[in-house]
Amino acid sequence: MNGPVRYLSLVGALLVSASALAQGNPEQGKQLVMQGDGSGAPCMACHGQDGGGNNAGGFPRLAGLDENYLAKQMRDYNSGARTSPIMQPNVDNYSDQQLQDIAAYYAAMPAPATKAPAADDALMAQGEKLALQGDWDNYIPPCSSCHGPDNGGMGDAFPGIAGQHPNYIASQLRAWQAGSRSNDPNNLMVAVAERLTDQQITAVAAWLGAQPASAAKGGK
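Residues numbered from 1 in each chain as written. Predicted model: local features only at pLDDT ≥ 70, side-chain atom pairs only at ≥ 80, totals over all residues. Heavy atoms only, no water.

**Quick look at helix α4 (residues 67–79)**
The line we're drawing: Only DSSP runs of H or I reaching four residues or more are called helices, and only runs of E reaching two or more are called strands; each is numbered from the N terminus. By definition here, a helix of n residues has an expected span of 1.5 Å times n minus one. Here's how the labels work: a residue is buried when its accessible area is under 20% of the maximum for its type, exposed when over 50%, partly exposed in between, all with a 1.4 Å probe on protein chains only. Here, residues are in contact when the closest pair of their heavy atoms is within 4.5 Å. Two N or O atoms count as a polar contact when they lie within 3.5 Å, although within protein this holds only if one can serve as hydrogen donor and the other as acceptor, and sequence-adjacent residues are included solely when both atoms are side-chain atoms.
With 13 residues, α4 ought to run about 18 Å at 1.5 Å a step, and its terminal C-alpha atoms sit 18 Å apart, in line with that. Restricting attention to buried positions, one finds in α4 the residues Glu67, Asn68, Tyr69, Leu70, Ala71, Gln73, Met74, Asp76 and Tyr77. Taken together, the buried residues of α4 touch α5 (88–91) and α6 (96–108). Structurally, the start of α4 carries an N-cap: the backbone nitrogen of Asn68 is 3.0 Å from a side-chain oxygen of Asp66. Where α4 ends, the next residue or the one after it, Gly80, has phi of about 90°, a positive value.

Dropping the structure here:
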């Protein structure tokens with residue numbers, strides 16, 4: 001089986017084996033997001049009241065992302081499967097149910113409109129090609145093969161990345177590339193990121209960040 005076919009078959013298998021239905025309480029989650037866990041900053045301090053995050057600070061948009069994806073990421077911070085000196089101390093006092101409630105709150109929010117920094121036409125064209133067509137000569141699949149139509153997300157394994165902040169997208173691609181992040185299913189992102197050049201990372205992050213944030217609602 002050749003590379004592209006094997007890759008897409010693995011993606012299909014992951015979608016079929018998606019986790020159980022979400023079971024968080026958005027109202028409980030809202031209270032936790034606004035007040036925090038008593039020891040760290042509340043979620044809204046970095047991710048904003050609308051869940052839109054902040055590009056300059058590198059804080060991702062959470063609003064509109066899949067509930068179980070968000071819950072998994074927070075649990076991974078607590079277990080050490082994913083590391084962040086900012087996130088871990090701000091979620092380590094929450095129970096699993098509280099993390100699910102927070103995730104449910106953000107998943108139920110509409111994805112706010114975001115304005116990505118301006119980028120030149122050539123860079124944007126390169127980013128669009130990578131996001132929608134990939135670079136199969138170098139075994140780089142298009143982002144949409146996993147993240148779904150309009151890169152709006154597919155289940156709880158592949159988050160919506162359309163309208164996500166460019167700085168955050170680029171930082172995570174570089175983290176996978178460097179091996180400092182490895183909590184994705186079957187190391188798919190590691191395999192993709194290690195083949196990307198720094199310019200390609202900048203380009204695809206810029207293009208994805210400029211797409212309508214509302215597209216990410218398709219990942220719910």
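Moving on from the coordinates now.
**As for unusual backbone geometry**
With a phi angle near 60°, Asp150 is a residue other than glycine that sits in the positive phi range. Classification of Asp150 as exposed rests on a relative accessible area of 60%.

**Focus: the pattern of salt bridges**
We count it as follows: Any carboxyl oxygen of Asp or Glu that lies within 4 Å of a side-chain nitrogen of Lys or Arg is treated as forming a salt bridge with it.
All told, the structure shown has three salt bridges when counted by the stated rule. The salt bridge involving Lys72 is made with Asp76; its shortest N-O contact spans 2.5 Å. Highlighted residues: Lys72 and Asp76, both in helix α4, separated by four residues, approximately one helical turn.

**Overview of helix α9 (residues 166–178)**
Taking 1.5 Å as the rise per residue, α9 with 13 residues should run 18 Å; its terminal C-alpha atoms sit 18 Å apart, in good agreement. At the exit of α9 stands Gly179, carrying a positive phi of roughly 85°.

**Considerations on the confidence of the model for the protein**
Threshold: Here pLDDT means the predictor's own confidence in every residue, given as a number from 0 to 100.
When the pLDDT values of the protein are averaged, the result is 89; 87% of them are 70 or greater. Highest mean pLDDT in the protein belongs to helix α7 (residues 121–132) (98); lowest belongs to helix α1 (residues 3–16) (55). Confidence drops under pLDDT 50 across residues 215–220; counting only partners more than four residues distant or on other chains, this segment forms 26 contacts.

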